[in-house]
Amino acid sequence: MENLKTKVAIIGSGPAGLLLGQLLYKAGIDHIIIEQRSAEYVAARIRAGILEQVSVDLLTQAGVDQNLNKFGLPHDGIEILSNGLKHRIDLSALTQGKQVTVYGQTEVTKDLMQARENAGLCSYYEAEGVQIHDFDSNPYVTFNHNHQQYRLACDFIAGCDGYHGVCRASVPQDKIKTFEKVYPFRWLGVLADVPPVSDELIYVQSERGFALCSMRSKTRSRYYLQVPLTDHVDEWSDERFWGELEKRLDDESRKSLIKGSSIEKSIAPLRSFVTEPMRFGKLFLAGDAAHIVPPTGAKGLNLAASDIAYLSSALIEFYLKDSTEGIDQYSEKCLKRVWKAERFSWWMTHLLHRFETESDFDHKIKQAELNYILDSKAGLTTLAENYVGLPYELKKFDDMQNLS
Ligand code: APR
Ligand code: PHB
């Protein structure tokens, strides 16, 4: 058994763990990342691709904004296609100039991994049998790596190990409450090296079900279709995919749709999930380990980033200012923002998807709600301010900048 010691043990090398590591490094706080998968696997995972301004600011603060500035696509608006009619939501005009940035989570992960490598920081990839212990008193983590057993003593454990991770599962049942909703359909996603159908994202509500036209760049498109739970990816040839997407679009978009071979195709479930609280003694949960949103609101990565904003500032405050205020408020502050994003993601999902079980009356009411939103300045503003991201307390960010 080899004994290691650090201040913060970070479990999981997804965007949450990597971003926390980078921010702690900038503040000079010792930490180690332990990840069960290989670095290649982590860097290749394909996920969503919309960053709120506050997430861009955090990546900038972490010093990993070079590629983001070069290749990220700032967007001032989105479109909602409903009943064959396109409505532009002018995000910037409705939110005093705020934007979102199209930049793939895969790229965010790669940039963070590269920054970590450049700084020579310690990560254990392909760690086996990761377990966390004694997080109420003197926490430590055990794992195997390259046939060697390790015991890592630490002050705190950051559980950034995603929905299926070991951290949340290690909390005694009577100390944790979870809230969950699973949706009765899934998203079939296709990535293709073809120019996007439009300069802006199009969220499509149609009688045949939801569709989303997104992108990764001006030459790479990302499209999604709502499909039944029973569908298998093998049943969806490229031809069938493009044919169904065309049927859900309006005439103009159909004409400008450029089809091509898929370079990735997968089906993902839609789930809303929240864990309360998000702190258990010296264990903090962050990102997908603590909550999941359906992708319709584009909030998954952004929520992970806001957890990390709170957690990094709390840890920096603890080590550099000897204050436990941030740590004590971590769970409450995160959950307040998390539930607002959960509500928005649920609402967008509910509004834009076709639910097999809804009655004709429910369907009409939903249509009226969408029409109201699209016709009302107040409705549009509500949608826009949630989409670009609700603000969070930035005071600690300034403190952190002074420290780094
Ligand atoms: N030990 C070590 N690492 C683990 C363990 C374990 N027992 N279990 C899981 N992991 C790793 C996973 O392999 C993964 O690399 O934890 C990492 C968690 O990363 P993500 O799932 O990407 O979660 P997170 O960093 O919170 O990012 C949230 O990802 O799913 C999207 O929509 C979500 O965009 C959001 C983002
Ligand atoms: C994506 O580009 O993958 C994407 C964009 C917006 C969403 C969900 C996914 O709401």
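Look up: the structure comes first, before these words.
None of these values were measured; they are calculated from a predicted model. (Residues numbered from 1 in each chain as written. Chains lettered and ligands numbered in written order. Predicted model: local features only at pLDDT ≥ 70, side-chain atom pairs only at ≥ 80, totals over all residues. Heavy atoms only, no water.)

Draft legend 1. Inspection of the site of ligand 1 at higher detail. For ligand 1, the set of nearby residues contains 25 residues, the closest of which are E35, R45, R47, Q105 and D288. Side-chain polar atom of E35 to an oxygen atom of ligand 1: 2.6 Å apart, as the coordinates give it. In the model, an oxygen atom of ligand 1 is placed 2.8 Å from a nitrogen or oxygen of the R47 side chain. For ligand 1, whose unbound accessible area comes to 710 Å², protein coverage reaches 89%. At the level of secondary structure, the elements contributing two or more residues to the shell around ligand 1 comprise α1 (15–26) and α10 (300–321). For the shell around ligand 1, the element with the highest residue contribution is α10, accounting for 3 residues. In the shell around ligand 1, the residues fall into 10 nonpolar, 9 polar and 6 charged. (Near = heavy atom within 4 Å. Polar contact = N/O pair within 3.5 Å; in protein donor to acceptor, adjacent residues only side chain to side chain. Areas by Shrake-Rupley, 256 points an atom, 1.4 Å probe, with all protein chains shown as cover. Helix = DSSP H or I, 4+ residues; strand = E, 2+ residues; numbered from the N terminus. Nonpolar A, V, L, I, M, F, W, Y, C, P; charged D, E, K, R; others polar.)

Draft legend 2. Spatial organisation of the packing of aromatic side chains. If you walk through the whole model with that rule in mind, you get 20 aromatic pairs. With a centroid separation of 5.1 Å and an interplanar angle of 90 degrees, the aromatic rings of Y163 and F273 are classed as edge-to-face. With Y163 in the loop between β13 (156–159) and α7 (166–169) and F273 in strand β18 (residues 262–276), this pair connects stretches of sequence that are 110 residues apart. Y163 sits in the buried class, given a relative accessible area of 18%. The exposure class of F273 is buried, given its relative accessible area of 3%. (Phe/Tyr/Trp six-rings, centres within 6.5 Å; stacked < 30°, edge-to-face > 60°. Buried < 20%, exposed > 50% of the residue type's maximum accessible area, 1.4 Å probe, protein only.)

Draft legend 3. Just the site of ligand 2, in detail. Near ligand 2 lie 14 residues; those nearest to it are Y203, S214, R216, Y224 and P295. The separation between an oxygen atom of ligand 2 and a polar main-chain atom of P295 is 2.8 Å. T296 places a main-chain nitrogen or oxygen 3.5 Å from an oxygen atom of ligand 2. Look at ligand 2: alone it shows 280 Å² of surface, and the protein chains cover 99% of it.

Draft legend 4. Geometry of the sheet that holds strand β5 (residues 73–75). Pairing is antiparallel across the open sheet formed by 3 strands, whose spatial order is β4-β8-β5. Of all strands in the sheet, those bounded by a partner on one side alone are β4 (50–52) and β5. Along the sheet, successive strands turn relative to each other by an average axial angle of 35 degrees, direction set aside. Strand contacts of helix α3 (residues 53–61): β4 and β8 (100–102), with the helix running at about 85 degrees to β4, the strand carrying the most contacts. (Pairing = 2+ DSSP bridges. Axes fitted to C-alpha atoms, helices over the stretch in contact; angles between N-to-C directions. Contact = heavy atoms within 4.5 Å.)

Structural measurements only, silent on function.
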